[in-house]
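Summary of the model geometry
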Amino acid sequence: MRKLLLPVFFFFVTTAAAQDPVRVMEAVRAAIAPAIDGDLDDSCWSKAPHTERFIQNAPVPGNPSSFDEDVRVVYDDNAIYIGARLYDPSPDSILHQLSARDDYQGNSDAFGVMLDTYHDRRNAFFFAVTAAGVQADSRYTFDTEDLSLNSVWYSKTKVDAKGWTVEMKIPYQAIRFRNGDDQLWGLNFTRIIRRYREQSWWNFVDPNVTGVVNQCGDLAGINNIVAPVRLALLPYVSAYAENYAGRNAYSLNGGMDIKYGINESFTLDMTLIPDFGQTQSDNVVLNLSPFEVKFDERRYFFTEGTDLFNKNDLFYSRRIGAAPPGYSTVSNQLDTSEIVYDNPEVTRLYNAVKISGRTKNKTGIGFLNAVSAPAYATLRDTVTGDLRRVETAVLTNYNVLVIDQVLPHNSYIGFLNTSVMRNGNARDADVSSVQFRAGDRRNVFAVDGYTDVSNVWNAGSAKPSTGYRYNFTAGKVSGKYTAIARYKVISQNFDSNDLGYLDLRNNMDFGLQQNYNIHTPVGRILWQLHRLDLDLGVFYNPRHYTFFTITGRHIFTFRNWMSVGVNWLANPIYSYDYYETRTPGRYLLYPKNYQLSGFLSSDYRKKLALDLTAAYRIFLQRNRTIASYSVAPRWRVNNKLLIVYSWAQELKNDNVGFVANRNDSLFFGLRNLNTVTNTLTLDYIFTNTMGLSLRVRHYWSQADYKGYYLLNANGQTQDAYYNGDADVRFNAFNVDMVFTWQFFPGSELSVVWKNAILTTDNLLKANYAEDARDVFDSPQSNSLSAKLIWYIDAGKWFRRK
């Protein structure tokens, strides 16, 4: 495989053109701070230099923006201020649909500023505001945007006869920078003209060059500013009322989040008695695979400012506060007359702490620690009424330490360590990782990788089980044509799942990814993206071929802003699945198969838009197929109301899957799987600080087994009798209705109603419609909660002194 990859890679290597000179903006100290009212009539603006014409990133990279811009920057001892005049000869055509906070790329014009305050060309703060006045803020790491940042800053927009204006005040408490007389920051401005689907940048961001922060210009002229005392208190109070199967429960909770700037570079975040009850419901699914389902993190403390920790899936924050390890085994400990009276589904946290920042030498340091409380299930004796407790989780400490050193030419080297320590004679774990990236001066070629080592002490074991993983990639990363070769190894004993997420282990992977992207118009096509992947898998121990896959992807966006994509996949050689068997050393022979899929997405600027997908996969085995499709219309009723509906269905015919291991006899089943996901989303935005969102999701899936097999040693199956019923029907119905009101910057009131139904049985239905009629007869959970968070800028107490 190496002999194949390297010649292909070097054959296509070309030299990229040198980048344009970096633009420089001069900030001016303001004697009197401008009023943030959207009017650019303050005297300070006339004394500051203005920007040059922006340059398009899309749809025609390198062309000037359609209309002119005039952006100026001033500052004082408290904040940096941006004033922007965005010219538009047709102000009535400026789109300004209201949206939720952070949705600045919806159906509205927008303006944003990027501040690389350490001038490391890798990390930056981003602040944006739409023409409707909706704020967005995020952290950028090279080319990845993390919208979990929620800072307190101020903005105002106005539409007038010349176009629209923006004024921003970004307090120094909202950013981090080194103390020093002369500041040099990376800077970029961006403008979105939505009706043209146009995005422009002040300093050109070339789509053929990898990275965004590294393509910033420079901001000079800021002198003699001092990082302020950054201390914010966010006390909260929350109330819950819940009803399930006729039983009512009530609770009143309180706690506090604290943000403290240890110095100009580092921030301490602490949550005391955290409350995560209002997070959005997970997209629960019927999981018949050998791998754990990974859910998105929605808890604010574990999303905001965690960019340093998210490397190689070694930190999966859903492990903290997850279901107790003994949750599913409680029923096995019941005496003959006992029932489960209470069994908490999550572990509570005592507290959680984060420290993160970057030194003047561009060294990023992050530390996270969380302590979860023990959890107990309560069992009730139906004869005597006595209650007894069973421990399902022990006191646990979670710890993450990361060090990240930025190097020249978009390079870095980093170290990360995670550890989980449990009280008593319980399982402990430790994982250490080194990551790196080395690029050339022009950001054309790069090599990156990581190597990880895990140590796990199982209960009662004095000697750890040690495993390792490493991954290396190298290639051409910029230009129309890019090619990246990779080599990845995961040993048999590597295990990062105590605090990370790992699905495949004990495997090797060789791959080559090639891309050819055209970002300039060709005929009716605005831009086109093409990708070809070759992947070869090998089981690590015992060393054995597992799969060979060729995949292609082709995406076209036309001048009418309709996007069409075609994907294809080929497994032209039999594969060996060592994971579906759930048994070490055993494999299932996987047939040759081919897939063709595609999507269509119409122009979101129109009141009615439509997303369609379809896929068909055929296996060279019996009548085995997979067919799926989805239909998702979206209706923008007005500038306040958006409705999106989605119907998705997948049909797996003659699918073969694991059923049971009985005395080393592996039973598999021949089954038809039918899955429907039905989702309605409604967003009504009253103002740019107040909104109501509704999400209704019904997921239905059932597996109908038609026959059973025994797995032979050669990976093939033979007919067998199985004295069981593996049929399964699964329903998950969720309603999440959320009202939020940011009544002051940083302060918020939220009211949430949740409704949930979750059922599993083997009573199959003929189709989805028949099942949907019965689902609401199942026990339901209804909850109503209100939470008030108050932002207190406690740092001003010190600044006054």
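Look a little higher up for the structure.
A brief look at the structure comes next. (Residues numbered from 1 in each chain as written. Predicted model: local features only at pLDDT ≥ 70, side-chain atom pairs only at ≥ 80, totals over all residues. Heavy atoms only, no water.)

Quick notes on a nonpolar patch on the surface
Taken together, the side chains of Ile365, Leu401, Ile403, Leu407, Ile413, Phe415 and Val434 make up a nonpolar region of the molecular surface, amounting to roughly 490 Å² of accessible area. Mapped by element, the contributors of at least two residues to the nonpolar patch are β23 (396-407) and β24 (411-422). Tallying contributions element by element places β23 first for the nonpolar patch, with 3 residues. Structurally, Leu401 can be placed in strand β23. Classification of Leu401 as partly exposed rests on a relative accessible area of 31%. (Patch = residues over 30% accessible without salt bridge, like charges linked within 9 Å, V, L, I, M, F, W, Y side chains within 5 Å. Areas by Shrake-Rupley, 256 points an atom, 1.4 Å probe, with all protein chains shown as cover. Salt bridge = Lys/Arg side-chain N within 4 Å of Asp/Glu carboxyl O. Helix = DSSP H or I, 4+ residues; strand = E, 2+ residues; numbered from the N terminus. Buried < 20%, exposed > 50% of the residue type's maximum accessible area, 1.4 Å probe, protein only.)

Digging into empty space enclosed by the protein
Across all of its chains, the model carries 2 cavities of 30 Å³ or more by this definition. There is about 90 Å³ of room inside the largest cavity. Around the largest cavity, the lining residues are Leu234, Asp257, Ile258, Lys259, Asp269, Met270, Tyr300, Phe301, Glu304 and Lys354. Put simply, the parts of the chain that give the lining of the largest cavity at least two residues each are β16 (247-261), β17 (266-272) and α3 (300-303). When its volume is computed, the second largest cavity comes out at roughly 40 Å³. Lining of the second largest cavity is provided by Thr418, Val420, Ala429, Asp430, Val431, Asp495, Ser496, Asp498 and Leu499. For the lining of the second largest cavity, the secondary-structure elements that each account for two or more residues are β24 and β25 (428-439). If one sorts the elements of the lining of the second largest cavity by residue count, β25 sits on top with 3 residues. Here the residues of the lining of the second largest cavity are counted per class, giving 4 nonpolar, 2 polar and 3 charged. (1 Å grid on protein atoms, 1.4 Å probe; cavity = no way out; pocket = protein on both sides within 12 Å on 5 of 7 lines; lining within 4 Å. Points joined across faces, edges and corners; volume = space filled by probe spheres on them. Nonpolar A, V, L, I, M, F, W, Y, C, P; charged D, E, K, R; others polar.)

Remarks on the sheet that holds strand β21 (residues 375-381)
What the 3 strands build is an open sheet, ordered β18-β21-β22; its pairing is antiparallel. Single-partner strands in this sheet number two, and they are β18 (338-342) and β22 (387-393). Going across the sheet, the axis of each strand differs from the next one's by a mean of 35°, ignoring polarity. Judged from the 4 bridges that link them, β18 and β21 form a sheet pairing that is antiparallel. Its bridge partner being in β21, Glu338 is matched across the sheet by Asp381. (Pairing = 2+ DSSP bridges. Axes fitted to C-alpha atoms, helices over the stretch in contact; angles between N-to-C directions.)

Quick look at the pattern of salt bridges
Here the structure, examined in full by the defined rule, presents 31 salt bridges. A salt bridge links Arg318 to Asp282; its shortest N-O distance comes to 2.6 Å. Of this pair, Arg318 sits in the loop between α3 and β18 while Asp282 sits in the loop between β17 and α3, placing them 36 residues apart in sequence. Residue Asp313 is joined to Lys294 by a salt bridge in which the shortest nitrogen-to-oxygen separation is 2.8 Å. A residue pair is termed long-range when its members are at least 10 positions apart, and Asp313 in the loop between α3 and β18 and Lys294 in the loop between β17 and α3 qualify at 19 residues. Linked through salt bridges whose partners overlap, the residues forming this network are Arg422, Arg427, Asp495, Asp498 and Arg505.

Read these as spatial facts, not as claims about activity.
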